[in-house]
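As a plain string of letters, each chain reads:
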Amino acid sequence: MVLELEGTLVGNEMKAIKQKWFSSFDEFINHKDEIRYHDVGDGAALAAYLICEENVFGEISQELQKHIDYHSYGSELEMDDGYLFTTSGVFRY
């Protein structure tokens, strides 16, 4: 299993991911496919992606998107236990 993950984004951050969400390596392996990766650098970028691309709050017009405080929402996401911010990007479980 480790060889299968070697060189992947999840594999590169395996130690941090396991430490954040899983109590054992077996538990990590059993749930590795449920981990999602976002290629963003910080909370504000993740917030913008989730709101504008994934429509987490539904369809929001471009005019209204200009007024959203992505930094504030991003700060909340950074404190959320469901996200892990790494130098490789952001993981969600």
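Residues numbered from 1 in each chain as written. Predicted model: local features only at pLDDT ≥ 70, side-chain atom pairs only at ≥ 80, totals over all residues. Heavy atoms only, no water.

Chemist: Got a minute to help me understand the side chain of T86 in this structure?
Modeler: For T86, the location among the structural elements is in strand β2 (residues 83-86). The exposure class of T86 is buried, given its relative accessible area of 17%. Within the structure, T86 has its side chain in polar contact with the backbone nitrogen of S88 (distance 3.1 Å). In this structure the side chain of T86 is engaged in a polar contact, spanning 2.8 Å, whose partner is the backbone oxygen of G89. Excluding residues within four positions of it along the chain, T86 makes contact with E13 and F91. (Helix = DSSP H or I, 4+ residues; strand = E, 2+ residues; numbered from the N terminus. Buried < 20%, exposed > 50% of the residue type's maximum accessible area, 1.4 Å probe, protein only. Polar contact = N/O pair within 3.5 Å; in protein donor to acceptor, adjacent residues only side chain to side chain. Contact = heavy atoms within 4.5 Å.)

Chemist: What is the right way to look at the packing of aromatic side chains in this model?
Modeler: We describe a pair of aromatic rings using the distance from one ring centre to the other and the angle between the two ring planes. Tallied over the entire structure, the rule returns six aromatic pairs. An angle of 65° between the planes, with centres 4.9 Å apart, marks the rings of F22 and Y93 as edge-to-face. With F22 in the loop between α3 (14-21) and α4 (25-31) and Y93 in the segment after β3 (89-92), this pair connects stretches of sequence that are 71 residues apart. (Phe/Tyr/Trp six-rings, centres within 6.5 Å; stacked < 30°, edge-to-face > 60°.)

Chemist: Would you explain the nonpolar core in this entry?
Modeler: For soluble globular proteins, nonpolar side chains are generally found buried alongside one another. Formed by L5, V10, M14, I17, W21, F22, F28, I29, I35, L84 and F91, the largest nonpolar core amounts to eleven residues. Those elements that provide at least two residues to this core are α3 and α4. When residues no more than four places from it in sequence are discounted, the contact partners of I35 are V10, I17, F22, F28, F91, R92 and Y93. If you look at the next biggest cluster of nonpolar residues, it comprises ten residues, including V40, L46, A47 and I60. (Core = buried A, V, L, I, M, F, W, Y, C linked by side-chain atoms within 4.5 Å.)

Chemist: Please clarify how the side chain of Q65 should be interpreted in this entry.
Modeler: Tracing the backbone through its elements, the reader meets Q65 in helix α6 (residues 62-65). With residues up to four places along the chain from it excluded, the contact list for Q65 reads C52, I60 and Y70.

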